[in-house]
Amino acid sequence: MSADAWTTVADVASAVCMLGGAFLAFAAGVGALRFPDLLARMHAGTKPQVLGLVLVLVGLALRLRSGGAVWALVLVAVFQMLTAPVAAHMVGRAGYRTGKVRHDLLVVDELTRDMERAQDAAEDDERGAAAP
Amino acid sequence: MTVVVVVCGVLLTLGAACAVVRAERGPSMLDRTVALDIVVTTMIAAVALYAAVQRRTDVVPVLVVLSLVGFVGSVTISRFAAVEPEGEGRVRTREEVAAEEAARLRAEDEAIARRLAGDDDADDEPEPYDTLGSMAPHPGGVAGPEEAGAGPAPVGPGQDVAGDGRAGGTDER
């Protein structure tokens, strides 16, 4: 195929990636609006969001097709992948500690179970240290 | 290409609008943080869309800066997210604000009047803490030591004082 045909292919692939990324960003917004509690909203804000942003950046890279800009886009994508889990962890931790997690909506709640067990163990230790 | 751009723009706009509605409605500070994070990322996508349409490489640094700023904002807010009192996340009406202001002014007037009266009394016997006593300290600012630990079951917003953030959890971070 000629170079012109490859250009067309890259543009079409870029358009598809852009559409997918925009749809995922839209899904993140709808999820943040409609989900019932903080953890579900945070899920909508991190997972579809990062994939959508990566798709948009891939589409932009396919469209720009020049070295320096593409490396900067890779930097943005890597940075987003590094920071989104950190931000989600901080939000989830603060939400759990300030009691904004609805426990009736959770299927598995390992943190509460482990914390109860740890507190029981600590109380047993105190009792054992005080008794003899 | 034009159709693709229009569809992408509409999707991004709708997503950002939904996130802004959540930021306005969100019951807690963390909900707003998450929603504003979504708005920032949607903005990054919009700038990327613009760069793709115009084939401009000079807006790519803007993407880097925006992703940095969004991360710093959300982490900072959730790091210092202490317990906000019940009803704090609500925008008050004009009448409520006026009533609170009137109550505050009245309390200030009473404090000043009490202090003046106290000064009159204090002529013959000095009371060193009288002026401090009129500035009533707020009760309940610091939780007791038995509440400072990380309890297993958070007891709803507004009661779990010092379970997180400033007093209790600093040693575990």
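(A) Local environment of the overall build of chain B. Scanning chain B from N- to C-terminus turns up 6 helices and 0 strands. Secondary structure of chain B in N-to-C order comes out as α-α-α-α-α-α. Across the 173 residues in chain B, those meeting the buried criterion constitute 26%. Look at the contacts in chain B between residues 6 or more apart in sequence, and 48% of them connect residues 24 or more apart.

(B) Examining the overall build of chain A more closely. Tallying secondary structure elements over chain A gives 4 helices and 0 strands in all. Shown N-terminal to C-terminal, the secondary structure of chain A runs as helices and strands in the order α-α-α-α. Counting the 132 residues in chain A, one finds 41% classified as buried. Considering only intrachain contacts with a sequence separation of at least 6, the fraction spanning at least 24 residues in chain A is 65%.

(C) Region of interest: the interface of chain A and chain B. Of the residues lining the interface, 50 residues belong to chain A; the matching set on chain B comes to 54 residues. The set of elements that each furnish at least two residues to the side of chain A that touches chain B consists of helix 1 (3-34), helix 2 (38-64), helix 3 (67-97) and helix 4 (110-130) of chain A. When residues in the side of chain A that touches chain B are grouped by element, the largest group, 15 residues, is from helix 3 of chain A. For the side of chain A that touches chain B, the per-class residue count stands at 30 nonpolar, 15 polar and 5 charged.

(D) Focus on the nonpolar core. With 59 residues, the main nonpolar core has A:Val56, A:Leu57, B:Ala45 and B:Ala48 as its most contacted residues. Looking at this core, the elements with two or more residues in it are helix 1, helix 2 and helix 3 of chain A together with helix 1 (2-25), helix 2 (29-54) and helix 3 (60-79) of chain B. Considering each element in turn, this core owes the most residues, 15 residues, to helix 2 of chain A.

(E) Fine view of the confidence of the model for chain B. Residues and elements named next belong to chain B. When pLDDT is averaged across chain B, the result is 72; 62% of the residues are at 70 or more. Mean pLDDT across the secondary structure elements of chain B bottoms out at helix 6 (residues 145-148), with 42, and peaks at helix 1, with 91. Long-range and interchain partners of residues 130-173, a stretch whose pLDDT sits below 50, account for 65 contacts in this model, where long-range means more than four residues apart.

(F) Seen up close, unusual backbone geometry. Of note in the backbone geometry, A:Arg65 takes a positive phi value of approximately 55° without being a glycine. Of note, A:Arg65 is situated in the loop between helix 2 and helix 3. A positive phi angle is found at B:Arg55, which is not glycine, with a value near 55°. Counting through the fold element by element, B:Arg55 comes out in the loop between helix 2 and helix 3.

(G) Inspection of the packing of helix 3 of chain A against helix 2 of chain B at higher detail. Put simply, helix 3 of chain A and helix 2 of chain B touch, their axes get as near as 10 Å, and they point 165° apart. Considered as vectors, helix 3 of chain A and helix 2 of chain B are oriented roughly antiparallel to each other. Taken as a pair, helix 3 of chain A and helix 2 of chain B cross one another with a handedness that is left-handed. Across the interface between the two elements, A:Ala87, A:Val91, A:Ala94 and A:Gly95 of helix 3 of chain A pack against B:Leu30, B:Thr33, B:Val34 and B:Asp37 of helix 2 of chain B.

(H) Structural context of the packing of helix 2 of chain A against helix 3 of chain A. All names here are of chain A. Remark: helix 2 packs on helix 3, axes separated minimally by 10 Å, with the N-to-C direction vectors making an angle of 180°. Accordingly, the angle class assigned to the pair helix 2 and helix 3 is roughly antiparallel. Seen from helix 2, the contacting residues are Leu38, Leu39, Met42, Thr46, Val50, Leu53, Val54, Leu57, Leu60, Ala61 and Leu64; seen from helix 3, they are Ala69, Val70, Leu73, Val76, Ala77, Gln80, Met81, Ala84, Ala88, Val91, Gly92 and Gly95. Residue composition of the contact of helix 2 with helix 3, grouped by class: 19 nonpolar, 4 polar and no charged.

(I) Fine view of helix 2 of chain B. In this model helix 2 of chain B runs 38 Å from its N-terminal to its C-terminal C-alpha over 26 residues, within 8% of the 38 Å that 1.5 Å per residue would give. The buried fraction of helix 2 of chain B amounts to 19 of the 26 residues, a majority that puts the element mostly inside the structure.

(J) Layout of helix 3 of chain B. The end-to-end C-alpha distance of helix 3 of chain B, which contains 20 residues, comes to 29 Å, matching closely the 28 Å that a straight helix rising 1.5 Å per residue would cover. Listing the buried residues of helix 3 of chain B in full gives B:Val60, B:Leu63, B:Ser67, B:Gly70, B:Ser74, B:Ile77 and B:Ser78. All buried residues of helix 3 of chain B fall inside an arc of 125° around its axis, so they share one side. Of the exposed residues in helix 3 of chain B, the ones pointing more than 90 degrees away from its buried face are B:Val65, B:Val72 and B:Thr76. In the core, the buried residues of helix 3 of chain B are packed alongside helix 3 of chain A together with helix 2 of chain B.

Cut-offs applied
Residues numbered from 1 in each chain as written. Chains lettered and ligands numbered in written order. Predicted model: local features only at pLDDT ≥ 70, side-chain atom pairs only at ≥ 80, totals over all residues. Helix = DSSP H or I, 4+ residues; strand = E, 2+ residues; numbered from the N terminus. Buried ≥ 20, exposed ≤ 12 C-beta atoms within 10 Å, placed from the backbone. Contact = placed C-beta atoms within 7 Å. Nonpolar A, V, L, I, M, F, W, Y, C, P; charged D, E, K, R; others polar. Core = buried A, V, L, I, M, F, W, Y, C linked by C-beta atoms within 7 Å. pLDDT = per-residue confidence, 0-100. Axes fitted to C-alpha atoms, helices over the stretch in contact; angles between N-to-C directions. Parallel < 35°, antiparallel > 145°, perpendicular 65-115°, else oblique. Left-handed = near helix turned anticlockwise from the far one by under 90°. Expected span 1.5 Å × (residues − 1). Arc of directions from axis to C-beta.

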